[in-house]
Amino acid sequence: MKRYNTTVVFTTLLFVFFSMQAVFPWGDQGHKLINKMAVEFFPPEMKAFVKWQDYLSLHAPDPDYRKKTDKNEAPKHFIDIDYYKEFNSGAMVENEDSLIKEYGKSEVIKNGLLPWATLNTFKELTKAFEDHNKMEAEKLAADLGHYVGDGHQPMHTVLNYNGQFTNQKGVHFRYEITMVDAHLEDLEESFQPVSAPYIKDPLNFIFNYISNSNSVCGVLFAADDSAFAQSESRRSTEYYRLMWFRTGYITKVQFNSAAEDFASLVYTAWVNAGRPSYRSMK
Ligand SMILES: [Zn+2]
């Protein structure tokens, strides 16, 4: 009994401390699938790196687990981008230092650092390719896939990340874990690999897909309301059937884009590093 109470107290404390959206991941399975499928998007000249597939998939959730030991990790997984008036007026400031100058460091951290965490991981990956450091490059690529995956989860890009402002609390978990985990096979079958393109301006590219993600939030929140209205219970099988019916298509698009965009950034890092051959990396 005492043990149970300790657990309850601890869990409550966790919720109090992590009231921001940093507690939410796509879910291990969603991240693993995106990282696994991304290698199918590697251009022909990078085909040797398909050998990374198992590692990238297995380690896709690692950054979420780092939150437990590294207090700087949590804000790297989201950006509440509609907090910024520049975004809402269609002219987002992409430079981190410029935003910090305008809003202050703590405010920028509070609203999430996802785009810059993604960019920094991309830069570190480029360096690892330059150094021909295979283990480091593989590890950083797995991390990069995670952050790109988070950038494609619409609720990682919005202030109302858990439906807390619209009476839809818990929608984040219902959507990205309960619903997604029940449709992993459908999702896996829906990928349509193409040869990932080279990206000229990685930070702008990252902001573009985040902006796209944010733009489909409305579909997800409307689906939650509608499924609830029809089923009268957000825990019912019927609720989840309707949720998938209304959001399955957009979820497949997001997963496919996540894998392609991740592959594009890996390819770009590799090209920028001088295209080191797989065999030359130690
Ligand atoms: Zn995450």
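Details of the structure are given in the entry above.
(A) Quick peek at helix 6 (residues 96–103). Put simply, Asn 95 is the residue that caps the front of helix 6, since its side-chain oxygen is 3.0 Å from the backbone nitrogen of Asp 97. Gly 104 sits one or two residues past helix 6 and shows a positive phi near 90 degrees.

(B) Quick look at the layout of surface pockets. In this structure, the second largest pocket encloses a volume near 310 Å³. Forming the walls of the second largest pocket are 18 residues, and the residues nearest its centre are Lys 76, Trp 116, Ala 117, Asn 120 and Thr 121. At the level of secondary structure, the elements contributing two or more residues to the lining of the second largest pocket comprise helix 6, helix 7 (105–110), helix 8 (114–130) and helix 9 (134–151). Here the lining of the second largest pocket gets five residues from one element, more than from any other, and that element is helix 8.

(C) Local environment of the coordination of the zinc ion. Bound to the zinc ion are the protein donor atoms Asp 64 (OD), His 77 (ND1), His 146 (NE2) and Asp 150 (OD), situated 2.1 to 2.6 Å from the metal. One can describe the site at the zinc ion as irregular: its four donor atoms subtend angles covering 82 to 170 degrees at the metal. Along the chain, the residues donating to the zinc ion fall in the pattern D-x12-H-x68-H-x3-D. Placement of the pair is His 77 in the loop between helix 4 (62–66) and helix 5 (85–88) and His 146 in helix 9, with a sequence separation of 69 residues. Taken individually, His 77 and His 146 each receive the classification buried, so the pair is uniform in this respect.

(D) Here's a closer look at the pattern of salt bridges. The tally for this structure, following the rule as stated, stands at 15 salt bridges. A salt bridge links Asp 143 to Arg 66; its shortest N-O distance comes to 3.2 Å. Here Asp 143, found in helix 9, pairs with Arg 66, found in helix 4; they are 77 residues apart in sequence, far enough to count as distant. The exposure class of Asp 143 is buried, given its relative accessible area of 6%. Of the residues examined, Arg 66 reaches a relative accessible area of 25% and is grouped as partly exposed. Taken together, the shared-partner salt bridges in this structure form one network comprising Arg 66, Glu 73, Lys 76, Lys 139 and Asp 143.

(E) Focus on the packing of aromatic side chains. Evaluated as defined, the whole model comprises twelve aromatic pairs. Here Phe 49 and Tyr 278 contribute two aromatic rings whose centre-to-centre distance is 5.2 Å and whose plane-to-plane angle is 85 degrees, an arrangement assigned as edge-to-face. Linking Phe 49 in the loop between helix 2 (28–38) and helix 3 (53–58) with Tyr 278 in the segment after helix 14 (237–272), this pair joins segments that are 229 residues apart in sequence. The same class applies to Phe 49 and to Tyr 278, which are both buried. Aromatic ring contacts, followed pair by pair, group Phe 49, Trp 52, Phe 129, Tyr 267, Trp 270 and Tyr 278 into a single cluster. In this arrangement the basic side chain of Lys 134 is found over the ring face of Tyr 278, its NZ or CZ atom lying 3.9 Å from the centre. A cation sits over an aromatic face here: Arg 234 above Phe 228, 4.0 Å from the ring centre.

(F) Focus on helix 10 (residues 171–181). Of all the eleven residues making up helix 10, eight are buried; the element is thus mostly covered by neighbouring parts of the structure. If you check which residues of helix 10 are buried, you get Val 171, His 172, Arg 174, Tyr 175, Glu 176, Ile 177, Met 179 and Val 180.

(G) Molecular detail of the packing of helix 8 against helix 14. Where helix 8 contacts helix 14, the two axes come as close as 8 Å, and the packing angle between them is 45 degrees. By the angle between their axes, helix 8 is oblique relative to helix 14. In this structure, helix 8 crosses over helix 14, and the sense of that crossing is right-handed. Contacts from Thr 118, Phe 122, Leu 125, Thr 126, Phe 129 and Glu 130 in helix 8 reach Leu 265, Val 266, Thr 268, Ala 269, Trp 270 and Asn 272 in helix 14.

What counts and what doesn't
Residues numbered from 1 in each chain as written. Predicted model: local features only at pLDDT ≥ 70, side-chain atom pairs only at ≥ 80, totals over all residues. Heavy atoms only, no water. Polar contact = N/O pair within 3.5 Å; in protein donor to acceptor, adjacent residues only side chain to side chain. Helix = DSSP H or I, 4+ residues; strand = E, 2+ residues; numbered from the N terminus. 1 Å grid on protein atoms, 1.4 Å probe; cavity = no way out; pocket = protein on both sides within 12 Å on 5 of 7 lines; lining within 4 Å. Points joined across faces, edges and corners; volume = space filled by probe spheres on them. Donors = N, O, S within 2.8 Å, 3.2 Å for Na, K, Ca; no water. Tetrahedral: all angles 85-135°; square planar, octahedral: opposite > 155°, others 65-115°. Buried < 20%, exposed > 50% of the residue type's maximum accessible area, 1.4 Å probe, protein only. Salt bridge = Lys/Arg side-chain N within 4 Å of Asp/Glu carboxyl O. Phe/Tyr/Trp six-rings, centres within 6.5 Å; stacked < 30°, edge-to-face > 60°. Lys NZ or Arg CZ within 6 Å of the ring centre and 35° of its normal. Axes fitted to C-alpha atoms, helices over the stretch in contact; angles between N-to-C directions. Parallel < 35°, antiparallel > 145°, perpendicular 65-115°, else oblique. Left-handed = near helix turned anticlockwise from the far one by under 90°. Contact = heavy atoms within 4.5 Å.

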